[in-house]
Structure formats: structure tokens, C-alpha cells
Amino acid sequence: MRVPKKKMDSALREGAIKLIALRAEKISLPTDVEKFLNSFFAKAEIDLILKKAAVMILLSRNVKYRDICETLEVSKNTISKIQNSSAGREYWTAPKKKKTQSVFLSAPKKKKKYPLKYKGVIPFHF
């Protein structure tokens, strides 16, 4: 499914969220979860959701990033984003870090002296 650039109407968005919440309330068994996922997502989307859940499980078991990458064929960047989201931050936002300026950038820059531009012919003396 293609993600449209145009944003959804807020009333329609709220209605969609309520529909999903109502369907999610009916989940009581693992088979109900499968039915729920199949009613809203394509097979590829379900696989992505399940991979994210598997990454969360492996992170909770303190499995190394490298091993998770090899096992589930996901990038380290994806694992980091999933770890951030499980820590309460949004999926696509990185943790807030204090910005510091490099020592090299704070030093004053020296102006380069360029040679004079060439104008005309250089006289030759014989």
C-alpha cells in the first residue's frame, strides 16, 4: 500500500482509530490476534509487525544487535528505532541529545592569502 502525502481528515482519522480499538477489544486468544491482523493488514505488513515484536523480545533477552541482525535480517538502525519505541519514544524519533560543538569548529578560521590575479602578458627579457 502506498502512503499518501495528503493528510487524512481528523474526524475520519478518529473514526478509524475507534474502529481499530473496538476490534482490538474483542481479542482474547492468539487466533483472534491473527484474525485482527488479517482484517487490517496485508501479509507483508503483518510480517513487518511480527518482526518488530520479535526484535522487542530479543532485546528484552539482552541479545546483541549483531545476532538480531543475522537472525531476523533487519538493520541495526531498525533495531535502534524499535528499542527507542519500546522505551516510550515514538518510532521515528531519536532520543534528545545535547548538541555540542566540535573543538575544531570553534577555532577561528584563518583567511588564506591568494596570489594576485594574472593580468596581461608577462614581459620576457632576453
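What comes next concerns the included structure.

Applying the stated rule across the entire model yields one salt bridge. Residue D47 pairs with K43 through a salt bridge whose shortest N-O separation is 3.5 Å. In this pair, D47 and K43 are both assigned in helix α3 (residues 43–60), four residues apart and thus about one turn of the helix distant. By relative accessible area, which is 65% here, K43 ends up exposed.

This part is about the packing of α3 against helix α5 (residues 76–86). At a minimum axis separation of 10 Å, α3 and α5 run at an interaxial angle of 75 degrees. On the basis of their axis angle, the class for α3 and α5 is roughly perpendicular. Residues K52, V55, M56 and L59 of α3 lie in contact with α5, whose contacting residues are I79, I82, Q83, S85 and S86.

Let's shift gears to the side chain of D32. Inspection of the secondary structure assignment puts D32 in helix α2 (residues 30–40). Despite being buried, D32 has no salt bridge partner; K35 is the closest side chain of opposite charge, sitting 4.6 Å away.

With phi around 60 degrees, N62 is a residue other than glycine that occupies positive phi space. Here N62 lies in the loop between α3 and α4 (65–72). With relative accessibility at 69%, the residue N62 sits in the exposed group. Although it is not a glycine, E73 sits at a positive phi angle of roughly 55 degrees. Along the polypeptide, E73 turns up in the loop between α4 and α5.

Cut-offs and rules
Per-chain numbering applies: the sequence of each chain, read as written, is numbered from 1 onward. Totals for whole chains, interfaces and linings use every residue, but because this is a predicted model, local features are given only for residues with pLDDT of at least 70 and side-chain atom pairs only at 80 or more, for both listing and counting. Think of the side-chain values as coming from all heavy atoms in the structure, minus any hydrogens and water. Just to be clear on terms, a salt bridge is a Lys or Arg side-chain nitrogen sitting within 4 Å of an Asp or Glu carboxyl oxygen. Each helix is a run of DSSP H or I of at least 4 residues and each strand a run of E of at least 2, with the numbering of both proceeding from the N terminus. Throughout, exposure labels follow a simple rule: accessible area from a 1.4 Å probe, protein chains only, divided by the maximum for the residue type, with under 20% read as buried, over 50% as exposed, and the rest as partly exposed. Lines fitted to the C-alpha atoms define the axes, with helices restricted to the stretch that makes contact. Angles between their N-to-C directions range from 0 to 180 degrees. When an angle is under 35 degrees it counts as roughly parallel; over 145 it counts as roughly antiparallel; between 65 and 115 it counts as roughly perpendicular; any other value is oblique. The contact criterion used is simple: two residues touch if any of their non-hydrogen atoms lie within 4.5 Å. A positive count includes Lys and Arg, and a negative count includes Asp and Glu. His and the chain ends are not counted in either.

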